[in-house]
Amino acid sequence: MQILQKRSKVICISNHKGGVGKTCSTCNISAGLARRGKKVLMIDLDPQANLSLSYGIKEPNYSIYEVLTNCADVNKSICTIIENLDIIPASLDLAGAEIELSSEAGREVILKEIVDGLSDRYDYVLIDCSPSIGLLTTNALTASDEVIIPLQAQYLSLRGIEKLTSIIEKVKKRLNKGLKISGVFITQFDSRKVLNRDIASAINEHFKDIIYKTKIRDNVSLAEAPGKALDIFRYNPKCNGAEDYDQLCQEILNRHNTNK
């Protein structure tokens, strides 16, 4: 009887518009999945290193930059945050990686090879991308099974999504035929604002097949938690932000269970 090898579900959290909650969402979805017993690896692929800073990692000895440029073994770069939750941090050096890797053969699949080598150790790998759509983001999309897109309930957030979906389709056609947009969710939502409600309605109509029901409400604790190097569940487990991300994690798990 053949034993099937465990394989991670690799998710890219992406939106080329800044300030929509990509890093906050990667941090708290990962922590939420880990709380539910899933073994999770986060990869900080943003040169600003905000995901790493959100967990108090400021100057790692080894980061994703050294791994991508073949200067360090990936195992040296993995840092454990809490039980079931690891991270490969970023550093400012990552800003130069696109230029350094531009002449490498197979430069678009470097991250995929790294992630594939870790696949039997984790249930989920979540990749936090920078707002720019360049070689690093292409690597993230090529390495991923699916993309989850956070969107603000604002006009420009919805308008700019066409560029990202175009890039995803190109990567799917040329580099990763299995890639799909698996979900969209709304962040920084305030039900008291007419604009938020109107844009949320438009987002629901546009993405009706993949929109998550959970909306991440505007919540000050979500902004405060990174300053304490904590995810929202350890910082303020009873706040709206913790409740919303917990519900979103359950939706994500439900979809994956349904798709098995």
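All values derive from a computational prediction rather than experimental measurement.

Draft legend 1. Representation of the packing of helix 6 (residues 110-118) against helix 7 (residues 135-143) in the model. Across the interface, helix 6 lies against helix 7 with an axial gap of 7 Å and an inter-helix angle of 40 degrees. It follows from the interaxial angle that helix 6 and helix 7 lie oblique. Here the hand of the crossing between helix 6 and helix 7 comes out right-handed. In this structure, helix 6 uses I110, L111, K112 and V115 to contact helix 7, whose residues at the interface are N139, A140, T142 and A143. When the residues that make up the contact of helix 6 with helix 7 are grouped by side-chain class, the tally is 5 nonpolar, 2 polar and 1 charged.

Draft legend 2. Fine view of the layout of surface pockets. Put simply, the largest pocket is a space of about 490 Å³. Contributing to the lining of the largest pocket are 29 residues, with G21, K22, T23, C24 and Q188 lying nearest its centre. Of all elements in the fold, only helix 1 (22-35), helix 2 (50-54), strand 7 (180-189), strand 8 (211-217) and helix 11 (220-224) reach the threshold of two or more residues within the lining of the largest pocket. The greatest single-element share of the lining of the largest pocket, amounting to 6 residues, is contributed by helix 1. Residues belonging to the lining of the largest pocket are distributed by class as follows: 12 nonpolar, 12 polar and 5 charged.

Draft legend 3. Focus on a positive patch on the surface. A grouping of K163, K170, K173, R174 and K177 is seen on the molecular surface, where their side chains present a positively charged patch. In this fold, R174 is placed in helix 9 (residues 161-174).

Draft legend 4. Expanded view of unusual backbone geometry. At Q188, a position not held by glycine, the phi torsion is positive, near 55 degrees. With respect to the element layout, Q188 can be found in strand 7. Within the chain, A229 stands out as a residue other than glycine whose phi angle is a positive 60 degrees. Locating A229 in the fold gives a position in the loop between helix 11 and helix 12 (232-235).

Draft legend 5. Region of interest: the pairing of strand 2 (residues 40-45). Burial runs high along strand 2: 6 of the 6 residues are buried. Of the two faces of strand 2, the one lined by V40, M42 and D44 and the one lined by L41, I43 and L45 are each fully buried. For strand 2 and strand 4 (residues 85-88), the ladder comprises 4 bridges, and the chain directions are parallel. Across the sheet, M42 pairs through a bridge with I87, a residue of strand 4. Across 6 bridges, the pairing between strand 2 and strand 5 (residues 124-129) is parallel. Paired with D44 across the two strands is D128, which belongs to strand 5.

Scoring rules and cut-offs
Residues numbered from 1 in each chain as written. Predicted model: local features only at pLDDT ≥ 70, side-chain atom pairs only at ≥ 80, totals over all residues. Heavy atoms only, no water. Axes fitted to C-alpha atoms, helices over the stretch in contact; angles between N-to-C directions. Helix = DSSP H or I, 4+ residues; strand = E, 2+ residues; numbered from the N terminus. Parallel < 35°, antiparallel > 145°, perpendicular 65-115°, else oblique. Left-handed = near helix turned anticlockwise from the far one by under 90°. Contact = heavy atoms within 4.5 Å. Nonpolar A, V, L, I, M, F, W, Y, C, P; charged D, E, K, R; others polar. 1 Å grid on protein atoms, 1.4 Å probe; cavity = no way out; pocket = protein on both sides within 12 Å on 5 of 7 lines; lining within 4 Å. Points joined across faces, edges and corners; volume = space filled by probe spheres on them. Patch = residues over 30% accessible without salt bridge, like charges linked within 9 Å, V, L, I, M, F, W, Y side chains within 5 Å. Areas by Shrake-Rupley, 256 points an atom, 1.4 Å probe, with all protein chains shown as cover. Salt bridge = Lys/Arg side-chain N within 4 Å of Asp/Glu carboxyl O. Lys, Arg positive; Asp, Glu negative; His and termini not counted. Charge placed at Lys NZ, Arg CZ, Asp CG, Glu CD. Buried < 20%, exposed > 50% of the residue type's maximum accessible area, 1.4 Å probe, protein only. Pairing = 2+ DSSP bridges.

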